[in-house]
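Structural description and commentary
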Amino acid sequence: MRTHLNLPSIKGNVLPMVLLAIALIALPFALALVGTAWVRITNFAVLFVLLSLGLNIVVGFAGLLDLGYVAFFAVGAYVYALLASPHFGIHLPFWIILPIGAFVACIAGAVLGAPTLKLRGDYLAIVTLGFGEIVRIFMNNMSNPINITNGPKGIAQIDPFQIGPIDFGKSDLLAGLNFSGPIKYYYFLMLALMLVVVINGRLKDSRIGRAWVAIREDEVAAKASGINTRNIKLLAFAMGASFGGLSGGMFAAIQGFVSPESFVLNESIMILAMVVLGGMGNIFGVIAGAVLLSFLPEILRYTVEPVQMAVFGHMWIDPEVLRMLIFGLALVLTMRYRPAGLWPESRHRREMTVVANK
Amino acid sequence: MNRPTNSSSPLLDALNLEIHYGGIAAVKGVSFSVMQGEMVCLLGANGAGKTSTLKALARMINSTGEIRYAGEKINQLPSHVLINKGLALVPEGRGIFARLTIAENLTMGAYHRNDKAEIAADVERIFTMLPRLKEREKQVAGTLSGGEQQMLAIGRALMGRPKLLLLDEPSMGLAPIMVAKVFEVIQSVAAQGVTIFLVEQNALLALKVCSRGYVMESGKITIADTAPNLLADARVRAAYLGEC
């Protein structure tokens, strides 16, 4: 077991790390000054970072194109919703439900993985896309004859997190600071993010991580090198899915409401775009991609209208249309000029040369 | 079929091997054997079923009939356990990890091993054998020339410390000078005591280095003989050595 993490700037670069930590701790209060909406937007951005890191295991590490990843997000969200809402009258605490959600999603990941083991590239993409839709349609229709998911109406009044006396659904005053619900969730999400980043880093460095790289590069050669490609691929699906399930549970609690509408194909594509744009396989690239693609539409939402008014005096193009136009253009330009993503994974993976030189 | 394992019994024994792709029979009941320390080739034209046979031996595809390796029936084993038993495949078309460095490619070949010190020693051993690779240790494998990639693929297979090396058309798409170099490497591997089963279209070259050979035509073995006899065989000369 190696103990080092393949993260840049942990050793010798303490100051920037401390500054980053302080900035991240202070961030929600700064955002709250602009408006609580921005804290919520940030929370959703962090959720997307978590989802992207999960999908990165499947797409970035193992090279398996998955277009139905949002299904695992949905599974986690519904597990949380069913076990912490008046729908069934069950109100379990979040620290029990989140692992259950991750586990159920993990099983779902293996179930999806099993029939796709012999598929690759575009065929794999189509099957996973189908799986994503099946899950959503199930959620949409499992209200009859037994009402499990409440169909398209969704499940409302989902319990917020509760740690002892701290209720994530309410605001608390502490040391003169107003800890609103979204701010509490922000800190929880940050802890979850740290955990997921560390797990991702460890996975990437591990024997399993090397096997994923081998499968991604050449499956026949991987097999010939003694890698059990079947199990290692299933593991990628299952691990990626469990991160999706974990994020889904947090999403349900933050939102207080889930419905099948939140888990459409568009979301899967968006998460995939975050991974690809950021730089497949590189944890920090993926984080950058997710943050950028989460904030860009929101920033455009708030700037497109005032800019047009200032320049032309009246609205030429509907803000919603222009927003998506600029967003699409940004994606196209990035992929044109940085085809490997904004922050691609280094081809000279250190962990392996280190082993070779030992 | 319960033959005892001793030095005189074959290291690899294929009996009545059949391979089907859907309804099409690619290999129609072939039998052959390779003795310990021997260097044997399987010759034939495109589409004769040579690569399918080799893939079946490495358990990459399913086959009926019986495959015995070191006395053990391996028909039902998954491919990834074979390297542990000392059976390594160098896939067709080189099959290297193109975006990994040469050193990374070699260490990947020792994936199933845990002895770090020994692995490092083996990497050095292979670099001594293939000095061209040593110079490019940190280079990405995809940027190597075809012949160097083929040597790397052989090197990676050797990292598994095989007893039997299955080689699928190592001369494919290489310049004649590189073909000669690759074959020099293969011969030096054989000299180290590794048994070799070689699939080749380049019959002349293969028969010059091997002791025995099998000729495969449309899924069947039609001729089996020693290399000198095959080189002298009129049918072989006509079909594979370009003599009329």
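All of these numbers come straight from a predicted model, not from anything done at the bench.

The secondary structure content of chain A amounts to 13 helices and six strands. Against the globule reference of 21 Å for 358 residues, chain A gives a C-alpha radius of gyration of 21 Å, in line with a compact fold. The principal-axis extents of the C-alpha atoms in chain A amount to approximately 60 × 55 × 45 Å. Taken over 358 residues, chain A has a buried fraction of 45%.

Okay, the overall build of chain B next. Tallying secondary structure elements over chain B gives nine helices and ten strands in all. The C-alpha atoms of chain B give 18 Å as radius of gyration, which agrees with the globular expectation for 244 residues (18 Å, within 12%). Split into buried and exposed, the 244 residues of chain B put 48% on the buried side. The long-range fraction of contacts in chain B, counting pairs at least 24 apart against all pairs at least 6 apart in sequence, stands at 66%.

Turning next to the nonpolar core. Generally speaking, a soluble globular protein has its nonpolar side chains buried in company with each other. One finds A74, V75, Y80 and A236 of chain A together with L165 and L166 of chain B to be the most contacted residues of the largest nonpolar core, which totals 170 residues. Not counting residues within four places of it along the chain, the set of residues in contact with L166 of chain B comprises L54, L57, A58, A88, L89, V90 and F197 of chain B.

Examined against the element boundaries, A203 of chain B turns out to sit in helix 7 (residues 203-209). When neighbours within four sequence positions are excluded, A203 of chain B is seen to be in contact with L43, V236, Y240 and L241 of chain B.

Okay, the interface of chain B and chain A next. Between chain B and chain A, the contact holds 32 residues from the first and 21 residues from the second. Every element with two or more residues in the side of chain B that touches chain A is listed here: strand 6 (87-90), helix 2 (102-109) and helix 3 (116-129) of chain B. Per-element tally for the side of chain B that touches chain A: the top contributor is helix 2 of chain B, with six residues.

Moving on, we get to the sheet that holds strand 9 (residues 212-217) of chain B. All names here are of chain B. Pairing in this open sheet of six strands is mixed, and the strands run 6-7-8-3-9-10 from one edge to the other. In the strand order of this sheet, the two ends are held by strand 6 and strand 10 (220-226), each with one partner. The sheet shows a mean angle of 15° between the axes of neighbouring strands, taken without regard to direction. Sheet topology note: the strand 3 (residues 39-44)/strand 9 ladder contains five bridges and is parallel. Of the residues in strand 9, the one forming a bridge with L43 is V215.

What follows is about the sheet that holds strand 5 (residues 72-73) of chain B. All names here are of chain B. Taken together, four strands build an open sheet; the order of strands is 2-1-4-5 and the sheet is antiparallel. Edge positions in the open sheet fall to strand 2 (24-35) and strand 5, since each of these has one partner strand only. Sheet topology note: the strand 1 (residues 10-21)/strand 4 (residues 64-69) ladder contains five bridges and is antiparallel. Bridge pairing in strand 4 places L15 opposite E66. Along the sheet, helix 1 (residues 50-57) makes contact with strand 1, strand 2 and strand 4, crossing strand 1 at roughly 120°.

This next bit is on the confidence of the model for chain A. Of all residues in chain A, 93% attain a pLDDT of 70 or more, and the chain-wide mean is 86. Per-residue pLDDT stays below 50 along residues 348-358 of chain A; that stretch engages in 22 contacts with residues further than four places along the chain or on separate chains.

Before going further, it helps to spend a moment on the environment of A32 of chain A. Residue and element names in this part refer to chain A. As for its position among the elements, A32 is in helix 1 (residues 14-34). With 19 C-beta atoms packed within 10 Å, A32 lands in the partly exposed category. For A32 and A236, which are 204 residues apart along the polypeptide, the C-alpha to C-alpha distance reads 38 Å. With sequence-adjacent residues up to four places away left out, A32 is seen in contact with V39, S180 and I183.

The subject of this paragraph is the pairing of strand 1 of chain B. All names here are of chain B. Here strand 1 pairs with strand 2 via nine bridges, running antiparallel. Residue pairing in the sheet places Y21 in a bridge with I24 of strand 2. Counting the residues in the hairpin turn of strand 1 and strand 2 gives two residues, including G22, whose phi is positive at 60°.

Definitions and limits used
Residues numbered from 1 in each chain as written. Chains lettered and ligands numbered in written order. Predicted model: local features only at pLDDT ≥ 70, side-chain atom pairs only at ≥ 80, totals over all residues. Helix = DSSP H or I, 4+ residues; strand = E, 2+ residues; numbered from the N terminus. Rg over C-alpha atoms; globule rule 2.2 N^0.38 Å. Buried ≥ 20, exposed ≤ 12 C-beta atoms within 10 Å, placed from the backbone. Contact = placed C-beta atoms within 7 Å. Core = buried A, V, L, I, M, F, W, Y, C linked by C-beta atoms within 7 Å. Pairing = 2+ DSSP bridges. Axes fitted to C-alpha atoms, helices over the stretch in contact; angles between N-to-C directions. pLDDT = per-residue confidence, 0-100.

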